[in-house]
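Single-letter residue listing:
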Amino acid sequence: MSRIKTAVVMLIITATVCTVQYLYVAKTVAEFTGILDEVQTEYADDNKSEALKIAENADRLWKKRIKYVDIFLFHDYVDNISYNLLQVSKYVEYEEDASLYVTCDITKKQLKSLTDSEKPLVENIL
């Protein structure tokens, strides 16, 4: 009977950790997707200095969050997003319109892919 209790406790702990991890990643993805949308909006409204400020802040914030996100996810995905966020601020700074929009869209898709890969679906488990 103690083995069953131990197994149930371990199952509950595992489910709790997985749920917390998924919620943290989903919250982070939603936050950074919103930030990238804000950068695109400010840039399109010809408020480039505000867009640059937001993009640089996003890069700094991502560097703080990367410590925790890296624990849960594949490092390559996180590194690619880090690289793209750095590029976004440079594209705003040098007014590279097309590159900015493409990089923002790519980064948003990469972020969405993070949450999609963390969902408890059959294709993600197998």
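Note on numbering: residues in each chain are counted from 1, in written sequence order. Confidence filtering applies because this is a predicted model: local features only for residues at pLDDT of at least 70, side-chain atom pairs given and counted only at 80 or more, and all residues used for totals across whole chains, interfaces and linings. Based on all heavy atoms of the structure, the side-chain values leave hydrogens and waters out of the count.

Student: Whenever I open this one, the nonpolar core confuses me. Can you help?
Tutor: Generally speaking, a soluble globular protein has its nonpolar side chains buried in company with each other. Only buried residues count toward a nonpolar core. Its members are Ala, Val, Leu, Ile, Met, Phe, Trp, Tyr and Cys residues joined through side-chain atoms within 4.5 Å. Only protein chains enter the accessibility calculation, which uses a 1.4 Å probe; a residue whose area is less than 20% of its type maximum is buried, one above 50% is exposed, and one in between is partly exposed. Counting 24 residues, the largest nonpolar core has V39, W62 and L111 as its most contacted members. Runs of H or I in DSSP of at least four residues are treated as helices and runs of E of at least two as strands, each being numbered from the N terminus. Those elements that place two or more of their residues in this core are α1 (2-44), α2 (48-72), α3 (75-93) and α4 (97-118). We call two residues in contact whenever any of their non-hydrogen atoms come within 4.5 Å of each other. In contact with W62, not counting residues within four places along its chain, are T28, F32, V69, V78, I81, S82, L85 and L111.

Student: Sorry, what's going on with α4 here?
Tutor: Since the α-helix packs 3.6 residues into each turn, any two residues three or four apart lie on the same face. Take the residue count of a helix, subtract one, and multiply by 1.5 Å to get its expected span. Over its 22 residues, α4 extends 32 Å from the first C-alpha to the last, a length consistent with the 32 Å expected when each residue adds 1.5 Å. Burial in α4 covers these residues: L100, T103, C104, T107, K108, L111, L114 and T115. Down the axis, α4 shows its buried residues gathered within 135 degrees of arc, on one side only. What points out from α4, more than 90 degrees from its buried face, is the exposed set A98 and K109. If you follow the buried residues of α4, they end up packed against α1, α2 and α3. It is the directions from the helix axis to the C-beta atoms whose arc is reported.

Student: Whenever I open this one, the environment of A26 confuses me. Can you help?
Tutor: Looking at where A26 falls in the secondary structure, it is placed in helix α1. Taking relative accessible area as the criterion, A26 reaches 23% and is therefore assigned partly exposed. Each C-alpha atom, one on A26 and one on E56, is 22 Å from the other, the two residues being 30 residues apart in sequence.

Student: What am I meant to see in the packing of α3 against α4 here?
Tutor: Two measures define how a pair of helices packs: the angle their axes make with one another and the distance between the axes. Only C-alpha atoms enter the line fits that serve as axes; for helices the fit covers just the stretch in contact. Angles between N-to-C directions range over 0 to 180 degrees. Orientation of α3 relative to α4, taken along the N-to-C sense of each, is 155 degrees, at an axis distance of 9 Å. It follows from the interaxial angle that α3 and α4 lie roughly antiparallel. Handedness of the α3/α4 crossing: left-handed. Here α3 contributes Y77, N80, I81, N84, L85, Q87, V88, Y91 and V92 to the contact with α4, which in turn contributes S99, L100, T103, C104, I106, T107, Q110, L111 and L114. All residues other than Ala, Val, Leu, Ile, Met, Phe, Trp, Tyr, Cys, Pro, Asp, Glu, Lys and Arg, Gly among them, are scored as polar; the first ten of these are nonpolar and the last four charged. Taken together, the residues of the contact of α3 with α4 break down into eleven nonpolar, seven polar and no charged. Angles below 35 degrees are treated as roughly parallel, those above 145 as roughly antiparallel, those between 65 and 115 as roughly perpendicular, and all remaining angles as oblique. If you view the pair so one helix is near and one far, a crossing is left-handed when the near helix is turned anticlockwise from the far one by less than a right angle, and right-handed when it is turned clockwise.

Student: Where do I start with the packing of α1 against α3 in this structure?
Tutor: Following both chains from N to C, one finds α1 and α3 inclined at 10 degrees, their axes separated by 12 Å at the closest point. Relative to α3, α1 is oriented roughly parallel. On α3, the residues that touch F32, L36, V39 and Y43 of α1 are L85, V88 and V92. Of the residues in the contact of α1 with α3, the class split is seven nonpolar, no polar and no charged.

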